[in-house]
Amino acid sequence: MSSLSKTIENIKLENIIEKASLYIDDKEQIKIIEKAYNFAYKKHSGQYRKSGEEYIYHPMNVAIILTSVYADYETISAGLLHDVLEDCDCTDEEMEEEFGKTITKLVQGVTKLSKINFSTENEYLIDYYKKIIVGMSEDVRVIIIKLADRLHNMRTLWALSEEKQKQKAHEALDIFAPLAHHLGIHRIKSELEDLSLRYLKPDVFYDIAEKLNKTKLERDRIVYDMQEEITNLLNEHHIPHEIKGRSKSIYSIYNKLDKGKKFSDIYDLLALRIIVNTEQECYLALGLIHSKFRPLPKRFKDYVAMPKPNMYQSLHTTVFGIEGYLFEVQIRTYEMDEVAENGIAAHWAYKENKGSKSSANLTNTTEQKLQFFKSIIDLSHDKMSSEEFVNSVKDEVLNNNIYCFTPKGDVIELPKGATPIDFAYKIHTKVGESTIGAIVNNNIVPLDYELKNNDIVKINTNKSSTPSKEWLNMVKCSATKNKIRAFFTKNDKELYIEKGKYSIEKELRKRKIPFNDFFTEENMEQINKSFKVTDFEDIYLGVGNGKIPTNSVINVIFKDKEAEAAPKTVKVTSKNIDADIIVSGIDKVKVNLANCCNPVYGDEIVGYITKGNGITVHRINCHNLEMLEDRTIDVSWNTNINKRYSSCILVYINDSENHMLDLIQNISLTNVSVDGIKVINRGDKSVYEINLYVTGLEQLNKLILVLNKNSFVEKVERTIR
Ligand code: MN
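Residues numbered from 1 in each chain as written. Predicted model: local features only at pLDDT ≥ 70, side-chain atom pairs only at ≥ 80, totals over all residues. Heavy atoms only, no water.

## Observations regarding helix α10 (residues 186–200)
For the record, the criterion: Secondary structure elements are defined from DSSP: runs of H or I of at least 4 residues count as helices, runs of E of at least 2 residues count as strands, and each element is numbered from the N terminus. Residue count minus one, scaled by 1.5 Å, sets the expected span of a helix. Burial classification: accessible surface area is computed with a 1.4 Å probe over protein chains only, and a residue below 20% of its type maximum counts as buried, one above 50% as exposed, and the rest as partly exposed.
End to end, α10 covers 21 Å across 15 residues, agreeing with the expected 21 Å (1.5 Å per residue, within 8%). Taken across its 15 residues, α10 has eleven buried, putting it largely inside the fold. All of the buried residues in α10 are Ile-188, Lys-189, Ser-190, Leu-192, Glu-193, Asp-194, Leu-195, Ser-196, Leu-197, Tyr-199 and Leu-200.

Written out as structure tokens, the structure reads:
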């Protein structure tokens, strides 16, 4: 193995083994790490990185980073193997045979994540990517390996083009550093941030670095003196301890400067960390320090009694130290220090070393997952309890949605049960409309194939191909359905316009009104105005598809004498038991519910006598009634009828989040059935149009009440078209 030991960065297998052996006692486990190294070395031989070095140094460095956060032997082994499945000639089966299920699964997880293209400037997507990483990593260790992988790539970023450098730095800052923070791995988080800043704002980075350098001697002296004072104080009271001077990261200073503070004002540049043996000693040390150095009001924080969601524990205080300098002081135990620096991985390793039998390895337990979800709580701005949040993320990420990929690695989020057609439409409507076939994970599948999580989907298209009406039964997303329907509506539109025109002309002939008298520019404008449209074509369309009665168009200009003579109201004389509407004085009449205002059982309603097409029932506040003028008739609901009514509501959202899921959950609470949901306005805020079937006004109002209870709902409206 001697030939393998030479390295450009002076990393050798022995270095990894040495660091791992500091906290891993089991010789068998160390042997597996060695085996993983040898396997990866063979598989990567002949491969080089952009930086010019042999490829193996990348996974070796990843392994070194993993030992620095006290990862277990499976994680380190998977770290050494992490690029083998993707870049080398090695099958999943071969790896499983050599290293077993667990390590192979970890490598598969990292490989899956590496297929995702995380570059984005969209803030919504950033959160979404974080959730995807969490959702796709069935085991937290996958994320830890991914973080180590990314950290080493950031360290060797100089080998890439400037454009790539900026893109990678953005991803590191937006996605990976926050994930490291949520996992509590301060060490990785802080280095990722500093490296990102160096590539994103080199002038700022070097400026801060230089200023820190200039003041370093002076600061070192003051910190040293203060350290001595505290050591004496604690020794007097027999508290064994260790004190570390602590340097702030360049990025954290940049952050404060960015918030308008002056370099000289950042008082917590002077920082100390006191590490003691027990929790009790933390408080004792704090009391002693406060008795000698006056604390700055309101700066004391007790994260020992109340740990942060990422399990961080420490006492924080700021005191007036020697020579009047302000010192930010952290007090914690050794164990708390490990967790703070290296995250929950360290927590397990630490306990392990102490021989505590109750703690498990970092395995894929529900508890671990739950803990992790809790740690990403502040990804969400909602005022939910942590439990609610955990459930909602789990629902959103794990239960109801699947994530599929384009061959290029872009993520497409779909509901469970979605098909390649949904996928195609999600990419672009044009892609959807010209779909002719699909290839999933290199296999040809039928268009009604049910997609699974992590499928890689290639859509075959043909420009001259068009959607088929059968697709409506194959797709899962209501948005896809709407798009397919819209395609056919558009196609049918011209037909309806023809039909509408013919219908108006026919009626004019019947009423002996000359076309020239009717189709004047002035008349058409007046008609447009009264139907609130801008183009007379929309009138034709409305008549053609049955939404506007032919006569009501003509009546705008030429009042119908016959109709004016029609009875206004008539007393109820009989009941038509079969119909859902009882019309005063008229038995067995054809009754339609207007589809402009969608009346439901319980609404206040009024009937409109159409010519030759029975009675159309509107809600009393429907604005279309104004135009229909005098041809109304009293109607009432038949209380004996038990059916569902079609209704449509608009839900106005007051933020930019996607609430589709929330809305569906809300609706399912009330037993209302949904026919379709679509987003009709995507700007800053969204509006969802929801088509429903309800038993009546009572149920509908209950639903509106439930919806209104959500803090993200601005208002709910029933539509009147
Ligand atoms: Mn890698």
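## A few points about the pattern of salt bridges
Let me state the cut-off plainly: Note on definitions: salt bridges are taken to be side-chain nitrogens of Lys or Arg within 4 Å of carboxyl oxygens of Asp or Glu.
Enumeration according to the criterion identifies 24 salt bridges in this entry. Taking the shortest distance from any N to any O, the salt bridge between Glu-94 and Lys-43 comes out at 3.1 Å. Separated by 51 residues along the polypeptide, Glu-94 in helix α6 (residues 92–114) and Lys-43 in helix α2 (residues 27–44) bring together distant segments of the chain. Taking relative accessible area as the criterion, Glu-94 reaches 30% and is therefore assigned partly exposed. Using a relative accessible area of 21% as the deciding quantity, one classes Lys-43 as partly exposed. Across the pair Glu-323 and Arg-221 runs a salt bridge whose closest N-O atoms are separated by 3.3 Å. Placement of the pair is Glu-323 in the loop between β4 (315–320) and β5 (326–333) and Arg-221 in helix α11 (residues 202–236), with a sequence separation of 102 residues. Given the relative accessible area of 36%, Arg-221 is considered partly exposed.

## Section: the sheet that holds strand β12 (residues 591–593)
Counted only if it meets this: By the convention used here, strands pair only if DSSP detects at least 2 bridges between them.
Taken together, the four strands give an open sheet; going across it, the order is β12-β14-β13-β15, and neighbouring strands pair in mixed fashion. The open sheet is flanked by β12 and β15 (632–633), the only strands paired with a single partner. Here strand β13 (residues 605–609) pairs with β15 via two bridges, running antiparallel. Counted as the bridge partner of Tyr-608 is Thr-632 from β15.

## Topic: helix α19 (residues 478–510)
Keep this limit in mind: The quantity called bend is, for any residue, the angle between two axes fitted respectively to the seven residues ending at it and the seven beginning at it. Contacts are residue-level and defined by heavy atoms, with any inter-residue pair within 4.5 Å sufficient.
When the local axis directions of α19 are compared, the greatest deviation, roughly 35°, occurs at Asp-492. When α19 is considered as a whole, its buried residues turn out to be Thr-480, Ile-484, Phe-487, Phe-488, Ile-497, Gly-500, Ile-504, Glu-505, Glu-507 and Leu-508. Along its buried surface, α19 packs onto α17 (420–427), α18 (429–433), α20 (515–518), α22 (536–544) and α23 (550–557). Phi turns positive one or two residues past the end of α19, at Lys-512, with a value near 55°.

## A few points about the environment of Leu-326
Among the structural elements, Leu-326 can be located in strand β5. When the C-alpha atoms of Leu-326 and Phe-293 are compared, they prove to be 9.9 Å apart, with 33 residues separating the residues in sequence.

## Considering the packing of aromatic side chains
Put simply, the rule is: Any pair of Phe, Tyr and Trp rings, taking the six-membered ring for Trp, is counted once the centres come within 6.5 Å. Such a pair is stacked with planes under 30 degrees apart, edge-to-face with planes over 60 apart, and tilted for the rest. Any Lys NZ or Arg CZ found within 6 Å of a ring centre and within 35 degrees of that ring's normal is scored as a charge over the ring.
The full count for this structure, using the stated rule, is 15 aromatic pairs. Taking the centre distance of 5.8 Å and the plane angle of 45° together, the rings of Tyr-251 and Tyr-254 count as tilted. On the criterion of helical spacing, the pair formed by Tyr-251 and Tyr-254 is a turn pair, its members being three residues apart in helix α12 (residues 250–258). Ring centres of Phe-487 and Phe-488 lie 5.3 Å apart, and the angle between their planes is 85°; on these two criteria the pair is classed as edge-to-face. As far as the burial class goes, Phe-487 and Phe-488 line up, both buried. Each member of the aromatic cluster is reached from another via a ring pair, and the members are Phe-515, Phe-518, Phe-519, Phe-536, Tyr-540 and Phe-558. One residue, Lys-469, lies across the ring of Phe-488, its end atom 5.0 Å from the ring centre. Between the NZ or CZ atom of Lys-715 and the centre of the ring of Tyr-652, over which it lies, the distance is 4.5 Å.

Shape descriptors only; they carry no functional weight alone.
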